[in-house]
Amino acid sequence: MVVLGGRVAWACPVVGLLLLLQLAGASHVVYETHLLESEAAAATVPPSILDPELSTGYHFRPIKNWINDPNAPMYYKGWYHFFYQYNPKGAVWGNIVWAHSVSRDLINWVALETAIQPSIKSDKYGCWSGSATILRDGTPAIMYTGIDRADINYEVQNIAFPKNKSDPLLREWVKPKSNPIIVPEGGINATQFRDPTTAWFADGHWRLLIGALSGASRGVAYVYRSRDFMRWTRVRKPLHSAPTGMWECPDLYPVTVDGRQNGLDTSVTSSPKVKHVLKNSLDLRRYDYYTIGTYDRKTERYVPDNPTGDEHHLRYDYGNFYASKTFYDPVKHRRILWGWANESDTAVDDVAKGWAGIQAIPRKVWLDPSGRQLMQWPVEELEALRAKKPVSLKDRVVKRGEHVEVTGLRSSQADVEVSFEVPSLEGAEALDPALANDAQKLCSVRGADVEGGVGPFGLWVLASSKLEEKTAVFFRVFKAARNINSTKPVVLMCSDPTTSSLNPNLYKPTFAGFVDIEIAKGKISLRSLIDRSVVESFGAGGRTCILSRVYPTLALGKNAHLHVFNNGKVDIKVSQLTAWEMKKPALMNGA
């Protein structure tokens, strides 16, 4: 695949066209035929950019340059649309526009023209994040933050509509002369006022949220209402706020409480069978947190179920994951989550390799039957990339200090599912009360190579032949701490990249979260998506998720190895492990 002028093409137009026909259908052939035939022959991209050793194979990213926030994912007329922040001029942040790619299946992507770029006074100095809403007549609308002053980041909200809403690819967008349609009035900090959400409709009004900062440290979600989607009025009191620093990229959406995995349209309001999720990206701490609670559309207020939820910080992902956005998929009746993972190497490395930033695999999200947290799982379409013949282990006991290599596949790009059985919890370590609420610090002091009682046990991925390099994804079980009002064993899930690379110039933090599971039943599962420079893991069926960026120097391509390990004193049983080598998508993403 090659890129020219903001469009994507393939080195072989005939093959590319055949692949596209399978996805697109006859109604879109003319445009795509010209796209392929006019550009494929002339365009070239250096092989080092096309296929470097650390370039992800099945995680979304442009073929080159910088990306960050997912902006406005949506489904429209047979296509999944994905807009994202993109720098067309280099692999560092700057010159941000809205790139646009489309897909039939969330896995194979075709890049189109830039959707939104600076062109009017109210976005002259930047087109920042926003969201998409499908209006009641079926028209898509994009709301986004524009920067209209050069001296400071003076943030206003703009709107754009498709030039031709009958075009299922939505290739051209226009900005009404009435922009900006929301400005920071009434004492709002104009430099901390951004990222409008997908809107919802009830009682004759549209509503949306805008993230903001009040005072020195209070994150705020302001509610704006409109009857016509053009003239907006701020509700006097915020929807919700907390002393957590600036709230970026807010998101509010409904979930069912009956344990089903079905998603709900954003306009569904709270009822005895529906709760709401309020998510914010914390600018100070650089992670996404959420609470589950009740949204009252009459008072325009949100109340978390857990009064301490704003302090305890449930997180979508306990790793490298930020600025996420969800949307409702009306075809498969599910809510899908996109999230951005930046690089952990240096800016100099990013410039050298020609790209920076990836998107996590799209995840289906739903409320756990307990009502205490969300569940997340990679969209089912990803399984189409699995090799036909997996490798497996079954009923294999891994003894104290033992590691077992899983062979028969190229594990630098793999999907691994494993179910562990813990025969006894008697040897579990006591949990230090001082670390009972700090999973990441607990993981940093009790890492993968520190012998424990029950665990650490899990996977070594992207491991070199002599284990000089390895990334550990593992569980560790502790006895309940005295200061926790529970006698249930505490399960820690960690991603430990401290030995992932011999490159000394990397940021290699341990990431960790507690797993809300009854481990006393003796079973726990782990799924890890390995993709060259990313390890994206889902513990206990998606209760705890951790994405890590890693940059091995030895464990590359065919030289990457996969092991099950046990550094605990108690034997662990692998009741079932299945690993698939992952293929690249037929149509690769680009910008």
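Reading the values: rules and limits
Residues numbered from 1 in each chain as written. Predicted model: local features only at pLDDT ≥ 70, side-chain atom pairs only at ≥ 80, totals over all residues. Heavy atoms only, no water. Helix = DSSP H or I, 4+ residues; strand = E, 2+ residues; numbered from the N terminus. Buried < 20%, exposed > 50% of the residue type's maximum accessible area, 1.4 Å probe, protein only. Polar contact = N/O pair within 3.5 Å; in protein donor to acceptor, adjacent residues only side chain to side chain. Contact = heavy atoms within 4.5 Å. Pairing = 2+ DSSP bridges. Phe/Tyr/Trp six-rings, centres within 6.5 Å; stacked < 30°, edge-to-face > 60°. Lys NZ or Arg CZ within 6 Å of the ring centre and 35° of its normal. Core = buried A, V, L, I, M, F, W, Y, C linked by side-chain atoms within 4.5 Å. pLDDT = per-residue confidence, 0-100.

Participant: Tell me what's going on with the side chain of Ser103, and back it up with residues and numbers.
Facilitator: Counting through the fold element by element, Ser103 comes out in strand E6 (residues 97–103). Overall, the relative accessible area of 0% leaves Ser103 in the buried class. There is a polar contact of 2.9 Å between the side chain of Ser103 and the backbone nitrogen of Asp105. A polar contact of 2.6 Å, which involves the side chain of Ser103, links it to the backbone oxygen of Asn108. Excluding residues within four positions of it along the chain, Ser103 makes contact with Trp79, Tyr80, Asn108 and Trp109.

Participant: Describe the sheet that holds strand E10 (residues 155–162), and please don't skip the residues or the numbers.
Facilitator: A sheet is described by the order of its strands in space; here 4 strands give the open sequence E8-E9-E10-E11, paired in antiparallel fashion. In the strand order of this sheet, the two ends are held by strand E8 (127–134) and strand E11 (173–174), each with one partner. Two elements, E8 and strand E9 (residues 140–147), share 6 bridges in a ladder whose sense is antiparallel. Looking across to E9, one finds that Ser131 is bridged to Met143.

Participant: If you had to explain the packing of aromatic side chains to someone new, which residues and values would you point to?
Facilitator: Per the counting criterion, the structure on display carries 28 aromatic pairs. For the ring pair Phe60 and Tyr84, a centre distance of 5.1 Å and an interplane angle of 75° mean the geometry is edge-to-face. Taken together, the positions of Phe60 in the loop between helix H3 (47–50) and strand E3 (65–70) and Tyr84 in strand E5 (residues 79–87) put the pair 24 residues apart, joining distant regions of the chain. Taken individually, Phe60 and Tyr84 each receive the classification buried, so the pair is uniform in this respect. Here the aromatic rings of Phe82 and Trp109 are separated by 5.9 Å at their centres, their planes lie at 50°, and the arrangement is tilted. Taken as a pair, Phe82 in strand E5 and Trp109 in the loop between E6 and strand E7 (110–111) lie far apart in primary sequence, 27 residues in all. An aromatic cluster is defined as three or more aromatic residues linked by ring pairs; in this entry it consists of Phe60, Phe82, Tyr84, Tyr86, Trp109 and Trp338. A cation over an aromatic ring shows up here: Arg61 above the ring of Trp355, its NZ or CZ 4.1 Å from the ring centre. Of note, Lys353 hangs over the ring of Trp355, and the distance from its end group to the ring centre comes to 4.8 Å.

Participant: Could you give me a rundown of the nonpolar core, with the residues and numbers involved?
Facilitator: A general trend in soluble globular proteins is that nonpolar side chains are found buried together. Judged by nonpolar contacts, the single largest core of 43 residues is most densely connected at Phe420, Leu459, Phe475, Ile524, Val564 and Leu577. Looking at this core element by element, the count peaks at 5 residues for strand E33 (residues 454–463). Every residue in contact with Phe420, bar those within four places of it in the chain, is listed here: Phe457, Gly458, Phe475, Gly522, Lys523, Ile524, Leu526, Val564, Ile572, Lys573, Val574 and Ser575. One finds Ile182, Ile188, Trp206 and Trp232 within the second-largest nonpolar core, a separate group that totals 20 residues.

Participant: Just give me the short version of unusual backbone geometry, but keep the residues and values in it.
Facilitator: The peptide bond linking Asn179 to Pro180 adopts the cis configuration, its omega dihedral lying at -5°. Among the secondary structure elements, Pro180 is positioned in the loop between E11 and strand E12 (193–194). The omega angle of the peptide bond from Gly455 to Pro456 is 10°, so this bond is cis rather than trans. Within the secondary structure, Pro456 is located in strand E33. At Asp203, a residue that is not glycine, the phi angle is positive and equals roughly 55°. Mapped onto the secondary structure, Asp203 falls in the loop between strand E13 (200–202) and strand E14 (205–214). Given the relative accessible area of 49%, Asp203 is considered partly exposed.

Participant: Can you lay out the environment of Ala190 for me, pointing to particular residues and giving the numbers?
Facilitator: The residue Ala190 is located in the loop between E11 and E12 in this model. Note on Ala190: relative accessible area 12%, which makes it buried.

Participant: Any details on the confidence of the model for the protein chain? Residues and values, ideally.
Facilitator: Mean pLDDT over the protein chain works out to 90, with 90% of the residues at or above the 70 mark. Contacts for the low-pLDDT stretch residues 1–51, under 50 throughout, to residues beyond four places or in other chains number 79 contacts.

Participant: Can you explain the side chain of Asp415? Please cite residues and give values.
Facilitator: Relative to the assigned elements, Asp415 resides in strand E31 (residues 413–421). Of the polar contacts made by the side chain of Asp415, one reaches the side chain of Arg527; its length is 2.7 Å.

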